[in-house]
Amino acid sequence: MAASAVLPTYQRYVNGVPVPQGRKTLRLREKYIILLVFVTFAIVCMCAFLYLPNLHDKVTMGEMKKKLQDAGDGLFLPKARIGPDGLPLNNGKILPHDEDANDPHQIDDQKKLFNKIEKAWEQQKVNDELINKMKMNPEEAKKLKDNIKGEKDSILKKHEEEKQRQKEIADENAKIVNKDHDGHPGARGGEPKDSDTKSKRDKVREMMKHAWDSYVKYAWGGNELRPISRRSHTASIFGSGSLGASIVDALDTLYIMELDDEYKKARDWVATSLSFDKSSDLSVFETTIRFVGGLLAAYALTGDQMYKSKAKDITDRMMPAFKTPTGLPYAIVNIKTGSHHNYGWASGGCSILSEIGTLHLEFDYLSDITKDPIYRDKVLKIRKTLLELEKPKGLYPNYVNPKTGKWCQHHVSMGALGDSFYEYLLKEWLASNKKDTTAKKMYDDAMKAVDQNMLQTSQGGLRYYAEYKSGRLEHKMDHLACFTAGMVGMAALDSPEKDKYIKLGEDLAHTCHESYRQTATGLGPEAFRFEGGRDARASRHNEKYYILRPEVIEGWFYMWRITKKQKYRDWAWDMVMSLEKHCRTDSGYTGIRDVYSPDPSKDDVQQSFFLAETLKYLYLIFSEDSLIPLDKWVLNTEAHPLPIHGTNPAAAEP
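Residues numbered from 1 in each chain as written. Predicted model: local features only at pLDDT ≥ 70, side-chain atom pairs only at ≥ 80, totals over all residues. Heavy atoms only, no water.

Engineer: What is the right way to look at the sheet that holds strand S17 (residues 527–531) in this model?
Structural biologist: If you trace the three strands from one edge of the open sheet to the other, you get S16-S17-S18, paired in antiparallel fashion. If you trace the sheet from one side to the other, it starts and ends with strand S16 (476–478) and strand S18 (534–537), each paired once. Adjacent strand axes in the sheet meet at a mean angle of 15°, parallel and antiparallel pairs treated alike. Across the sheet, helix H17 (residues 498–517) touches S16, S17 and S18, and the angle it forms with S17 is around 100°. (Pairing = 2+ DSSP bridges. Helix = DSSP H or I, 4+ residues; strand = E, 2+ residues; numbered from the N terminus. Axes fitted to C-alpha atoms, helices over the stretch in contact; angles between N-to-C directions. Contact = heavy atoms within 4.5 Å.)

Here is the structure:
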C-alpha cells in the first residue's frame, strides 16, 4: 500500500499494446527541465565573465550595479544597430554586437562604433590619395606642398583676424563702461563732498548690488525676482514670456552707479538674448516706459548703437495698436498677429488716459535718433485728439474711447489711471528745451482745472489731491500721486507764481511724508485717506500694502534739488533704514502687505521699478547735482533719463 501511494498505478499503452511501467529513457518534459537548468547555468557563467569585477581592478559594487542597470533589456536580447541619422540600419534587422564597442548594449555606443567605422573608411580614402600623390613628379609635389602651406596660412590669418575682432569688441565694451562720454554730460560721477552723505550714497549702491546680484542668481532672464521663494516672477503686464524686464529696467541705474561688471553683464544679455519673438500680448504702456525707455536711456548715456536698434525693433512691433480712427492706441497688442484690444475692466473697454498720454517722450526721442518721423507722428496724433475733446470743467477724465474719441466716464485722478499724463505734458516741454509750447499750455490748463476742482486741505492742514468722480470728491490720495510734489515744484521754476507753487510742491511732499511717518514700518500705504479726523492714513485693508514704490522718494528728490532743504535727505535716509529693516531679505527685496504692522508679512516680489526708480532716486538724492543734471536730462515716468534738446548732445545723432 505504501508503494502504490508513491509509484504510478496507471497503465501506459502504445498502439493499444500495454507498455511495462519500468522505463529506461527520460520523458520529454524531463528533458526540457534538464535543458533549462544547463541554459540557466550557462547564462550565469556568461554574466559572471562579462560583469563581475576584475580582481586586479578597483571596481566598486555601485559601479558594477550601474553597469548591470545600464545594460537594460539589451542584456539578453540584442538590439538593432542605429545609424548616425538615428534610424535602424539593415532595415531594422538585429545584428551581432561589435566586440570593440565600450558597451555593446547601448545605442550611443553603437553610434560611436558606427562613427569609428565611418572615420576609418574616410581615413583609408585619405591614405589612398596620399599614396597616389606620393607617386607624382617633383613639380606636382611642390605645387601640392605650396597649396597646403597656403591653406594653413589662410586658416592662421582668419584665426588672428577673429582674435583681433574679439579684442576690438572688448575694447569697445570697456570704452562704453569706463568712459564718461564726451557729449553725454552728467552720466556718471556726482560723488558727495562730505563723508556722511557719501557713506549714505554708498549704502544705496550696496542695496542696488544686493538686489541685482540676487536677481542674477535666482531669476536671471526672468522679468522679476521672488526673493523669498528664490525664483522668477512673471506678471501679466509683461505678457506671457520672460523678457528680462529687471535687466532692461536696471541698465541705466547700474551705469549711473558705476557698477561696471554688473552693467556689462546686463548689456551683453540685452545684446544677445533680449527678444520679443516668443511674446504675444504686450502692454503698449508698460513696454514703452520700461523697455523702450530703458533702452533709449542706455543709448543716451553710453552711445551704444545696439540699444537704439533694440528700441526701434520693439516699438515697430507695437505699431498695430495705433490703427484706430482717432489714433488713440489700444492698451494691448499681439505682436504676432497685430490684433489689439483694451482691458475689459476699463470702463467697458476704453483706453486709459495715463497709458495713451505716457508715450510721447520715448516716441519723440526715437524719431530724433532714427530720423524716422513715424513715432513722433503717432504721439502728436494722440495729443491732437485729446486737445480737441471738450473737457468737463476743463478736466481730463481717466477713460476715453479709441473709436469715437469720447470720454467714457467722468472720473479724474492724479493717481492711478491719470498720473503720468500730466507728468509727460510738463516733461515734453522740458525735453524740447521749452520750445514745445503746446505741451506747456496743455499742462497749465489741465493743472489749473485740477487745482480748482481737486486740490484740498485737510482738517489737520495737509494739502492733497482728491479724486473727482462725476462731480463728487473722494478724499483719497494714491501713493502714485505723490509724484506731483516734484512735478509741481519743477513747473514752478518757470511760473510767474514761482514761490506759490514751490510751496505747494513742499506741502504735497510733506503730506506724503506724513503717510510714511504714521505707519509702524516707516513706509507708506498704497493709498491714504482724509476722513473722520484722520489724515493720510489707509482705512481699507487693500490700501495698506507697500510694493517698493518710488513716487514718494521721487517727490523728495525733486524738492531737494529745488530747495536744498536737509529734511528731504533725512526723510530719504529714514526710508533706506525702513527698507533695510522690513523689505530686505537674504535674496533681494520684497514688498510688504501691511505697513501698519510692526512685523508685516511679505509679498515675495522684487518689482523691476525698484531697480529702475526707487534705488535710483535714493542714489541721486545723496549725489551732487552734477549727476543727471536736470537742465540736461529729463527722467521718464520709469526714471529713465532722456536728453534735453539744445543742452545735451545726446539728444542728437552722435
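Engineer: Would you mind going over the packing of aromatic side chains with me for this structure?
Structural biologist: Between two aromatic rings, the relevant description is the distance of the centres plus the angle of the planes. Tallied over the entire structure, the rule returns 24 aromatic pairs. For the ring pair Tyr464 and Phe530, a centre distance of 3.7 Å and an interplane angle of 5° mean the geometry is stacked. In this pair, Tyr464 sits in strand S13 (residues 463–465) while Phe530 sits in strand S17, placing the two residues 66 residues apart along the sequence. According to the relative accessible area criterion, Tyr464 is buried, its value standing at 3%. Centroid distance Phe557 to Tyr617: 5.6 Å. Interplanar angle 40°. Geometry classified as tilted. A residue pair is termed long-range when its members are at least 10 positions apart, and Phe557 in helix H18 (residues 551–563) and Tyr617 in helix H20 (residues 608–621) qualify at 60 residues. Feature note: the residues Tyr516, Tyr546, Trp556, Tyr568 and Trp571 constitute an aromatic cluster, connected by ring pairs. Stacked on the ring of Tyr255, the Lys or Arg Arg188 has its end atom at 4.3 Å from the ring centre. Over the face of the ring belonging to Trp429 we find Lys440, whose NZ or CZ atom lies 4.9 Å from the ring centre. (Phe/Tyr/Trp six-rings, centres within 6.5 Å; stacked < 30°, edge-to-face > 60°. Buried < 20%, exposed > 50% of the residue type's maximum accessible area, 1.4 Å probe, protein only. Lys NZ or Arg CZ within 6 Å of the ring centre and 35° of its normal.)

Engineer: When you look at the pattern of salt bridges in this model, what are you seeing that I'm missing?
Structural biologist: A side chain of one charge can pair with a side chain of the opposite charge when the charged atoms of the two come close. This structure, assessed with the given rule, holds 45 salt bridges. Close ionic contact of Lys198 with Asp202 constitutes a salt bridge, the shortest N to O distance being 3.0 Å. Taken together, the residues span about one helical turn, with Lys198 and Asp202 both in helix H6 (residues 195–219) at a distance of four residues. Given a relative accessible area of 28%, Lys198 falls into the partly exposed group. Asp478 serves as the salt-bridge partner of Lys476, at 3.5 Å between the closest nitrogen and oxygen. Note on accessibility: Lys476 and Asp478 belong to one class, buried. Through salt bridges with shared partners, one network takes in Lys203, Glu206, Glu580 and Arg584. (Salt bridge = Lys/Arg side-chain N within 4 Å of Asp/Glu carboxyl O.)

Engineer: For this particular structure, what's the right way to read the sheet that holds strand S6 (residues 332–334)?
Structural biologist: Strand order in the open sheet formed by three strands is S5-S6-S7, with antiparallel pairing between adjacent strands. The sheet terminates laterally at strand S5 (281–283) and strand S7 (340–341), the two strands that pair on one side only. In this structure, S5 lies alongside S6, joined through three bridges in antiparallel fashion. Counted as the bridge partner of Ser283 is Ile332 from S6. Its contacts with the sheet place helix H9 (residues 284–302) against S5 and S6, and it is angled at close to 65° to S5.

Engineer: Would you take a moment to explain the pairing of S17 for this structure?
Structural biologist: The side chains of a regular strand alternate between the sheet's two faces. With four of five residues buried, S17 lies mostly within the body of the structure. Looking at chain direction, S16 and S17 are connected through three bridges and run antiparallel. Directly across from Asp478, in S17, lies its bridge partner Ala527. Here S17 pairs with S18 via three bridges, running antiparallel. Within S18, the residue paired with Arg529 across the bridge is Arg537. Where S17 hands over to S18, the hairpin turn is made up of two residues, of which Gly532 adopts a positive phi near 65°.

Engineer: Looking at this structure, I do not really get the environment of Lys476. What am I missing?
Structural biologist: When you line up the elements, Lys476 lands in strand S16. We classify Lys476 as buried; its relative accessible area is 14%. Dropping the residues within four chain positions of it, Lys476 is found in contact with Tyr465, Ala466, Glu467, Ala527, Phe528, Arg529 and Glu543. Of the polar contacts made by the side chain of Lys476, one reaches the side chain of Glu467; its length is 3.4 Å. (Polar contact = N/O pair within 3.5 Å; in protein donor to acceptor, adjacent residues only side chain to side chain.)

Engineer: What's the story with unusual backbone geometry in this structure? I'm lost.
Structural biologist: With glycine set apart, most residues show a phi of negative sign, and most peptide bonds adopt trans. Residue Glu258 is not a glycine yet carries a positive backbone phi of 60°. The topology assignment puts Glu258 in the loop between helix H7 (245–256) and helix H8 (260–273). Despite not being glycine, Lys564 shows a phi value in the positive range, around 60°. Relative to the assigned elements, Lys564 resides in the loop between H18 and helix H19 (566–582).

Engineer: Help me understand the packing of H6 against H19, please; the structure alone is not making it clear to me.
Structural biologist: Two numbers describe a pair of packed helices, the interaxial angle and the distance between the axes. In the contact formed by H6 and H19, the axes pass within 12 Å of each other and the chain directions differ by 35°. In this structure, the crossing between H6 and H19 has a hand that is left-handed. In this structure, H6 uses Thr197, Lys200, Lys203, Val204 and Met207 to contact H19, whose residues at the interface are Arg569, Trp573, Val576, Leu579 and Glu580. Looking at the contact of H6 with H19 residue by residue, the classes come out as five nonpolar, one polar and four charged. (Left-handed = near helix turned anticlockwise from the far one by under 90°. Nonpolar A, V, L, I, M, F, W, Y, C, P; charged D, E, K, R; others polar.)

Honestly, it's all geometry; don't read function into it.
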